[in-house]
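Here is how the chains run, residue by residue.
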Amino acid sequence: MEYISLGKSGIKISRIGLGAWQFGGDAWGPYEYSTAKAVIAKAHELGINFIDTAAVYGRGRSEEFVGRAIKELGIRDHVVIATKIPGDWHRYDDVLRAAKRSKERLGIDVIDLLQLHWPACWHNVPICETMRAMEKLVEDGIIRYIGVSNYPLQLLEAARSCLKKNDIVSSQNRYNLIEREVEKELLPYLQREGMVLIAWSPLAKGAVTGKYTPENRPRGDLRENDPLFHPDNLREITTKLVPIVKELSIKYGKTPTQIALNWLVMHNNVVPIPGAKSPEQVVENAGAVGWRLSDEDFRKLESASNSLVITYVTW
Ligand SMILES: NC(=O)c1ccc[n+]([C@@H]2O[C@H](COP(=O)([O-])OP(=O)(O)OC[C@H]3O[C@@H](n4cnc5c(N)ncnc54)[C@H](OP(=O)(O)O)[C@@H]3O)[C@@H](O)[C@H]2O)c1
């Protein structure tokens, strides 16, 4: 495994993390605790030490599974736990209450990284009120570091300017071979400022692997209504991008998943956190590092990606 500093925190996190949304057992379909434990055990065995969960995943179930598993496996000192509080709970008192509840569900002494899951959109909470609460949590030893997620650059800058004693160490955003909006302004900023971009949906929820086609769409989970899996978008992906991913997978003796994750890892400061349904998927995802695509093949993927015409306007 390769490691990278979590921004200026000095904590070392694995270059590939583990997303725990799947553990929620709702959006992604049923998920047993025994599977979650096996997935975390395998991740730990392979050197993956960064686990991302959130209060909203299964309304606390994912946090409970993560906490229970690391306790039973006796690996608390070896893992960095990141969780998130939703944008609906960003008033000062709610941030404090939400963090306390997450910490209780996780059963840990301190939350390593607390992220604001998305901006307070329709709640109109002033950003400095929320950041004041985050600093209070650091001061009280409830959390160690502050992160944001899905914040546009301008709001991230505003959030940083509210902080008196701390800084934001990371930003969690959607980033994969198909959805690359972060490259326009956010990623260059984070790289310049020494912050980590935690890449969510790094496999585009499985779309980059080539296992889904317009005729074989995923069933029984949130992807049934995900615009990316609309037949028109899947047709674009499977005809223009997947063939290149597969070609390189043969050339490098790696799987399509590993090619797609390696492309992300080739960007400085980017840490993908693929979600896993099984220990086998964790093994595959961990194998995405320890080697690199050539610059030429990196660009080949980029140009295939540039040719995609994807739309979220599906009706
Ligand atoms: N901050 C945010 O707003 C936000 C939003 C979304 C996600 N996240 C975080 O990011 C994590 C990852 O994102 P995500 O779960 O949306 O998408 P993802 O990691 O791109 O895709 C996960 C799905 O891909 C498939 N998969 C995983 N490993 C695979 C492998 N080795 N080979 C083939 N298929 C594989 C699995 O589904 P199948 O096997 O069923 O195809 C899995 O459920 C989440 O768990 C969560 O922690 C954060």
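Presented here is an overview of the structure given in this document. (Residues numbered from 1 in each chain as written. Predicted model: local features only at pLDDT ≥ 70, side-chain atom pairs only at ≥ 80, totals over all residues. Heavy atoms only, no water.)

## Notes on the pairing of strand 9 (residues 196-200)
Strand 9 sits mainly inside the fold: 4 of its 5 residues count as buried. Pairing geometry for strand 8 (residues 168-174) and strand 9, over 5 bridges, is parallel. The residue bridging S170 from the neighbouring strand is V196, located in strand 9. As paired elements, strand 9 and strand 10 (residues 270-272) share 3 bridges and run parallel to each other. Within strand 10, the position partnered with I198 by the bridge is V271. (Buried < 20%, exposed > 50% of the residue type's maximum accessible area, 1.4 Å probe, protein only. Helix = DSSP H or I, 4+ residues; strand = E, 2+ residues; numbered from the N terminus. Pairing = 2+ DSSP bridges.)

## Quick look at the side chain of N176
Along the polypeptide, N176 turns up in the loop between strand 8 and helix 6 (186-193). Only 2.7 Å separates the side chain of N176 from the backbone nitrogen of E179, close enough to count as a polar contact. From its side chain, N176 meets the backbone oxygen of S201 in a polar contact 2.9 Å long. (Polar contact = N/O pair within 3.5 Å; in protein donor to acceptor, adjacent residues only side chain to side chain.)

## Here's the deal with the packing of aromatic side chains
Applying the stated rule across the entire model yields 8 aromatic pairs. Taking 5.6 Å as the distance between ring centres and 25° as the angle between the ring planes, the aromatic pair formed by W21 and Y57 counts as stacked. One end of the pair, W21, is in the loop between strand 3 (18-19) and helix 1 (33-45); the other, Y57, is in the loop between strand 4 (50-52) and helix 2 (61-73), with 36 residues separating them in the sequence. By relative accessible area, Y57 is classed as buried at 9%. Each member of the aromatic cluster is reached from another via a ring pair, and the members are W21, W28 and Y57. The ring of F229 is capped by R223, whose NZ or CZ atom sits 5.9 Å from the centre of that ring. (Phe/Tyr/Trp six-rings, centres within 6.5 Å; stacked < 30°, edge-to-face > 60°. Lys NZ or Arg CZ within 6 Å of the ring centre and 35° of its normal.)

## Regarding the environment of R76
Within the fold, R76 resides in the loop between helix 2 and strand 5 (80-85). Between the C-alpha atom of R76 and that of P231, which follows or precedes it by 155 residues, the distance is 43 Å. The contact partners of R76, leaving out residues within four places of it in the chain, are I70, I81, I108, V110 and D112. Within the structure, R76 has its side chain in polar contact with the backbone oxygen of V79 (distance 2.9 Å). Separated by 3.1 Å, the side chain of R76 and the backbone oxygen of V110 make a polar contact. (Contact = heavy atoms within 4.5 Å.)

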